[in-house]
Amino acid sequence: MKLMDQLISSMGSARSWVILAHEKPDGDTLGCGSAFFQRGTSMGKKCFWMGPDPFPRIYRFLPFSDSYRTGEDLSHVNMADNPVLIVLDTSNPERSVNGIEEAASLYPVINIDHHGDNSIFGTLNWIDEGASSVGEMVHDLFSKAGWDISSDEAGSLFTAVSTDTGFFRFPATSARTLEISSDLVSRGADPSRIYEEVYENRTLEGLRLWGAGLSRASLHLGGILCSAFLTSEDFRRLNGSREDTENLVNTLLSISGVQIALLFQEEENGCCRVSIRTRNPVDARKIAALWGGGGHNRASGCKIQGSPLDAIRSFISLLEGSDEIGLSGR
């Protein structure tokens, strides 16, 4: 039996679907989760949807967002319902709730992802690094299963595809991506509304947070690297949230001549979360791997100990001496 047939069979035989998002959830993991929740409900499945971090405000328009629960582990899930766990857009189990690996010894765990560094932690693992998004993959899965995609499901999957491609600007956007998006629009997805909900739905506090970050933008390595940072005090003083920083790092990459953009966000535990964006030939995933992180070739992330300024100094110092990330020919 081919892998996709196995996925469909596993989901079809389960009485309940446990749908899991990754930490700091984005439009891809949430759009796909919304689509699966809708489909499972329509098939009479008991559906439970959760992740380790809260549901971002800008994605609250997605169907069944009010059913999403925030939790650190699977203790709130009723495992007596013969569940299948569907883990979406998650490269390793540490990026989602605790207990996934233990659950895999008892229940089917379906791992659907497009990260090349996925740790293959599921019972069934469908990893397609060539896909622009997991939304693209889920569209194909629904089609293969013969599940006629509803208007609301189309909107959820279009959200997944469009946000993970920067509304079709990022290099991962392919002809297949556009074909799938066209199909989703023909089924009822509304690109204008989705763009407005995600990109034109900011708060004043969020804009001020962007201002604080952009005011600290600085160039390094002869102008090919731009860094900026936000402190814990910035979030308190400006009453901003972590989700308000979405896409800020991409703005740093838009500066002429910049090939590497780094956004450092201080956390309360004495470390910084680093968002990394790059242009060809620099590999963002290899940069993240230097600190135990991961992601995609052009968009990755990691964590590093220390204050933002100390973290930036140590980060750039290590990059200066690295020949493995595409900088050696600069």
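The structure we're discussing is the one just above.
Now for a description of the structure that goes with this document. (Residues numbered from 1 in each chain as written. Predicted model: local features only at pLDDT ≥ 70, side-chain atom pairs only at ≥ 80, totals over all residues. Heavy atoms only, no water.)

Their axes nearest at 8 Å, the elements helix H4 (residues 134–145) and helix H5 (residues 151–164) cross at an angle of 145°. Counted together, Gly135, Glu136, Val138, His139 and Phe142 of H4 and Glu153, Leu157, Ala160 and Val161 of H5 form the full contact between these two elements. Looking at the contact of H4 with H5, its residues break down into five nonpolar, two polar and two charged. (Axes fitted to C-alpha atoms, helices over the stretch in contact; angles between N-to-C directions. Helix = DSSP H or I, 4+ residues; strand = E, 2+ residues; numbered from the N terminus. Contact = heavy atoms within 4.5 Å. Nonpolar A, V, L, I, M, F, W, Y, C, P; charged D, E, K, R; others polar.)

Counting across every chain of the model gives 17 aromatic pairs. Plain terms: the ring middles of Phe142 and Trp147 are 5.2 Å apart, the flat faces sit at 80° to each other, and that makes the pair edge-to-face. Using a relative accessible area of 13% as the deciding quantity, one classes Trp147 as buried. Three or more aromatic residues link up through ring pairs in this structure, and these residues are Phe37, Trp49, Phe55, Phe64 and Tyr68. Just above the ring of Trp210 sits the side chain of Arg202; from NZ or CZ to the centre is 4.5 Å. The ring of Phe235 has Arg242 lying over it, and the distance from NZ or CZ to the ring centre is 3.9 Å. (Phe/Tyr/Trp six-rings, centres within 6.5 Å; stacked < 30°, edge-to-face > 60°. Buried < 20%, exposed > 50% of the residue type's maximum accessible area, 1.4 Å probe, protein only. Lys NZ or Arg CZ within 6 Å of the ring centre and 35° of its normal.)

This part covers the sheet that holds strand E5 (residues 109–113). Spatially, six strands are ordered E3-E2-E1-E4-E5-E6 in an open sheet, and the strand pairing comes out parallel. What marks the edges here is a single partner per strand, and that holds for strand E3 (68–70) and strand E6 (124–127). Within the sheet, the average angular offset between the axes of one strand and its neighbour, ignoring direction, is 20°. In the sheet, strand E4 (residues 83–88) pairs with E5 via four bridges, with the strands oriented parallel. In the sheet register, Leu85 faces E5, and the bridge partner there is Val109. (Pairing = 2+ DSSP bridges.)

Contact geometry for H5 and helix H7 (residues 191–199): axes closest at 10 Å, N-to-C directions at 60°. One finds that H5 runs oblique with respect to H7. As H5 runs across H7, the sense of the crossing is right-handed. Of the residues in H7, those in contact with Gly155, Phe158, Thr159, Ser162 and Thr163 of H5 are Pro191, Ile194, Val198 and Tyr199. Taken together, the residues of the contact of H5 with H7 break down into five nonpolar, four polar and no charged. (Parallel < 35°, antiparallel > 145°, perpendicular 65-115°, else oblique. Left-handed = near helix turned anticlockwise from the far one by under 90°.)

Once that is clear, we can look at the nonpolar core. Counting residues in each nonpolar core, the largest one holds 45 residues, and the members touching the most others are Met11, Trp17, Phe36 and Ile112. Residues contacting Ile112, with those up to four places away along its chain left out, are Phe36, Ile86, Val87, Leu88, Asp89, Thr90, Trp126, Val134, Met137 and Leu141. If you look at the next biggest cluster of nonpolar residues, it comprises 22 residues, including Leu221, Val274, Val282 and Leu319. (Core = buried A, V, L, I, M, F, W, Y, C linked by side-chain atoms within 4.5 Å.)

Estimates place the volume of the second largest pocket at around 370 Å³. In terms of lining residues, the second largest pocket is bounded by 18 residues, among which Lys24, Asp53, Arg242, Glu243 and Arg273 are the most central. Per-class residue counts for the lining of the second largest pocket are six nonpolar, three polar and nine charged. (1 Å grid on protein atoms, 1.4 Å probe; cavity = no way out; pocket = protein on both sides within 12 Å on 5 of 7 lines; lining within 4 Å. Points joined across faces, edges and corners; volume = space filled by probe spheres on them.)

Before going further, it helps to spend a moment on the environment of Pro308. Secondary-structure assignment places Pro308 in helix H12 (residues 308–320). Once the C-alpha coordinates of Pro308 and Phe61 are considered, the two residues, 247 residues apart in sequence, prove to be 34 Å apart. Apart from residues no more than four positions distant in its own chain, Pro308 is found in contact with Phe229, Leu230, Thr231, Glu266 and Cys272.

We now examine unusual backbone geometry. In this chain, Asn280 is followed by Pro281 through a cis amide linkage whose omega measures 10°. Mapped onto the fold, Pro281 is located in the loop between strand E10 (271–278) and helix H11 (284–289). Even without being glycine, Lys24 reaches a positive phi, approximately 45°. For Lys24, the position within the fold is in the loop between strand E1 (16–20) and helix H2 (27–42). For Lys24, a relative accessible area of 28% translates into the label partly exposed.

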